[in-house]
Amino acid sequence: MTPVTKTLDPLEKGRDDRRSVTVDGHLATSFVPVAMSPGHEDDGSVTTATPTGIKEVGNAVTTDGVIGDGPHGSRGDGRGDFDFYRVDADAGQTISVKVRSRSGTLDSAVTLYDASGNVVATADDVPGGTNTTLIETVGIGGIYHVMISASGSRPADPFDSAGGNGVTSEGPYTLDISAGVVAATDYTVCLRKGDVIGAAVDGVPDKVAIYRPGGTEAEGSTGNVAHNHPAKSPLPSGKLSADDIADRTGVYRVRVSGDVTGSYTLTVLTTRPNLERTGRVQTIVLDFAGARLDPSIFAGAGLPPVAAGPRATSPMRSFLDGWGLDASDELPLSDAITAAVRRSVQADVDASNVNHRFAVRVLNGARDPEPADPSDVDHVIVGGTVAETGLPTLGVSTSIDTGNFDTQDTSIIMLDVLSGSADNTSSLNHYMTPQSNRIAYISRVIANLVSHEIGHSVGNWHTTSDDGVFGLMDHDKSFMDPGPDGIGGTFDDPAPQHFGVDTFSPADGLSGTEDTLTRTAFGLSH
């Protein structure tokens, strides 16, 4: 089914060059779900997958299942339970998978494999959610296998049901699978390079996506990304939402789609980056001295809730001994971290010439005075521990702010795990030896983490290194790369990571290719 195409131009102009429009629409599909009996254990591999009967019984099925009831769940050997389903699809058809947790205990994920066990696509829920939707158009007809699992759980070999990496969550779910041609409506909108766009949908659709001129998917969303926007953001929120910053001037498309029939309401808003309207420059202070922090400000980041109230965080100097450094190394380390952040967030972006209005100041809090005017000043705390904050992560930012509408963000990079036992692969000590240039390696890794959180604060989502592209927004441990010799702080260490074009991480419930360089260059426009 060819998408119906409609135009949204011209959008209604509002204040501060903001333009928006709200339209009502309707999707109509031929999908009629057929109730399917639940699969039987052990169905945790490609070879033991439950047949869906799609093609034989129709183009859609619905069933119930449980993650955790198989021989490898928590009541078994604890390696992790997976449920596989076999789907027969023709070339060009779209496989749609929707998982809804029935008890709220299962934090689900979906992986689509081809007949040979190669990963075709993955999907996870948006931060803070438990339900997952995967929508993938296949280029080759044949047998595919849908694997339902808990988020963070995946087998090393999809042909081996006992090859999991452990139990992360379990519980009952309802599953809908279809294979065919989904209903879709495209809305065209003309954007200038640097325009910020947000699209939100309420109603029956399964996905909203923004496409660039030429047809590449800029961002596809099966959840509400606005959940992570700051309160000051004007971008719309809904059951589904997506955002982007235009990397070129041209005609963009907003697509609403799904294997569903029913009505929806779409809101699209376009505007310019926030600081362009004020002419002010964003300042980013790297705070190495410890700070009082209310960790509840990170409530939208998908982490477990913490009690509100200020808490003291340890300064960076408290962790020097853990890396084999002493007090005399504090200023050289802060200087090296600041220089690397300035290179990644300032010099490299400026040299790209993506935006001639790009500007940012990065200050070393150990040397530079705190700006007298707190307006347009972000802070990145480099210090603190998981115990002090109650935040089980290495780093976190208050929001993902496409367009940089809140210019007083706070981020934190905690150092307890990074300076901990060498037995932990998340510790920098795991990668250092007596031959390591410790300040060089530690500063590079921490600068990557700092730049990553700054990237969130100006609108970048997570990307994946599974595509072979390693960037600052990757959602894994690629930032710790010690080079080919496996030792950090030696001659073959890679250069600091960069912003650029990369594939979205499915952990955020997003698809497409993210231009993190453009988002950063215009998020820091003035």
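Reading the values: rules and limits
- By convention here, each chain's residues receive numbers from 1 onward along its written sequence.
- Reporting in this predicted model follows two pLDDT cut-offs: at least 70 for local features of residues, and 80 or more for side-chain atom pairs to be given and counted; totals over whole chains, interfaces and linings ignore these cut-offs and use all residues.
- Excluding hydrogens and water, the side-chain values take into account all heavy atoms of the structure.
- Throughout, exposure labels follow a simple rule: accessible area from a 1.4 Å probe, protein chains only, divided by the maximum for the residue type, with under 20% read as buried, over 50% as exposed, and the rest as partly exposed.
- Strands here mean DSSP runs of E at least two residues long; helices mean DSSP runs of H or I at least four residues long; both are numbered from the N terminus.
- At least two DSSP bridges between two strands are required for those strands to pair.
- Throughout this description, a polar contact denotes any pair of N or O atoms lying within 3.5 Å of each other; where both atoms belong to protein, one of them has to be capable of donating a hydrogen while the other can accept it, and for residues adjacent in sequence the pair is counted only when both atoms sit in side chains.
- Contacts are residue-level and defined by heavy atoms, with any inter-residue pair within 4.5 Å sufficient.
- Here, a salt bridge means any Lys or Arg side-chain nitrogen found within 4 Å of an Asp or Glu carboxyl oxygen.

A. Region of interest: the pairing of strand β27 (residues 410–413). Residues Thr410 and Ile412 line one face of β27 and the alternating positions Ser411 and Ile413 line the opposite face, and both faces are buried. Relative to β27, strand β25 (residues 377–382) is paired through 4 bridges, and the arrangement is parallel. Note that in β27 the partner of His379 across the bridge is Thr410. Across 3 bridges, the pairing between strand β26 (residues 395–397) and β27 is antiparallel. Bridging across to β27, Ser397 finds its partner in Ser411.

B. Spotlight on the sheet that holds strand β16 (residues 207–211). Strand order across the open sheet formed by 6 strands is β1-β14-β19-β16-β17-β29, with mixed pairing between neighbours. In this open sheet, the two edge strands, each paired with only one partner strand, are β1 (4–7) and β29 (510–511). Relative to strand β19 (residues 250–258), β16 is paired through 5 bridges, and the arrangement is antiparallel. By the bridge assignment for β19, Ala209 is matched with Arg255.

C. Representation of the side chain of His462. Relative to the helices and strands, His462 resides in the loop between α3 (438–457) and β28 (501–503). Polar side-chain contacts of His462 include one of 3.2 Å to the side chain of His456. If we skip the residues at most four places from it in the chain, His462 touches His452, His456, Met473, His475, Phe504, Ser505, Asp508 and Glu514.

D. Structural detail: the pairing of strand β6 (residues 60–67). Summarising the sheet, strand β4 (residues 34–35) and β6 pair through 2 bridges and their orientation is parallel. Following the sheet pairing, Ala35 is matched in β6 by Thr62. As judged from the 8 bridges shared by β6 and strand β13 (residues 171–180), these two strands associate in the antiparallel manner. Bridge assignment links Gly65 to a residue of β13, and that residue is Tyr173.

E. Region of interest: the pattern of salt bridges. According to the stated counting rule, one finds 25 salt bridges in the structure shown. Across the salt bridge formed by Asp176 and Arg100, the nearest N and O atoms sit 2.7 Å from each other. Linking Asp176 in strand β13 with Arg100 in strand β8 (residues 94–101), this pair joins segments that are 76 residues apart in sequence. Here Arg255 and Asp186 are joined by a salt bridge, their closest N and O atoms 2.7 Å apart. Here Asp186 lies in strand β14 (residues 183–191) and Arg255 lies in strand β19, a separation of 69 residues in the sequence. According to the relative accessible area criterion, Asp186 is buried, its value standing at 3%. In this structure, a network of salt bridges that share partners links the residues Glu219, Asp243, Asp244, Glu514 and Arg519.

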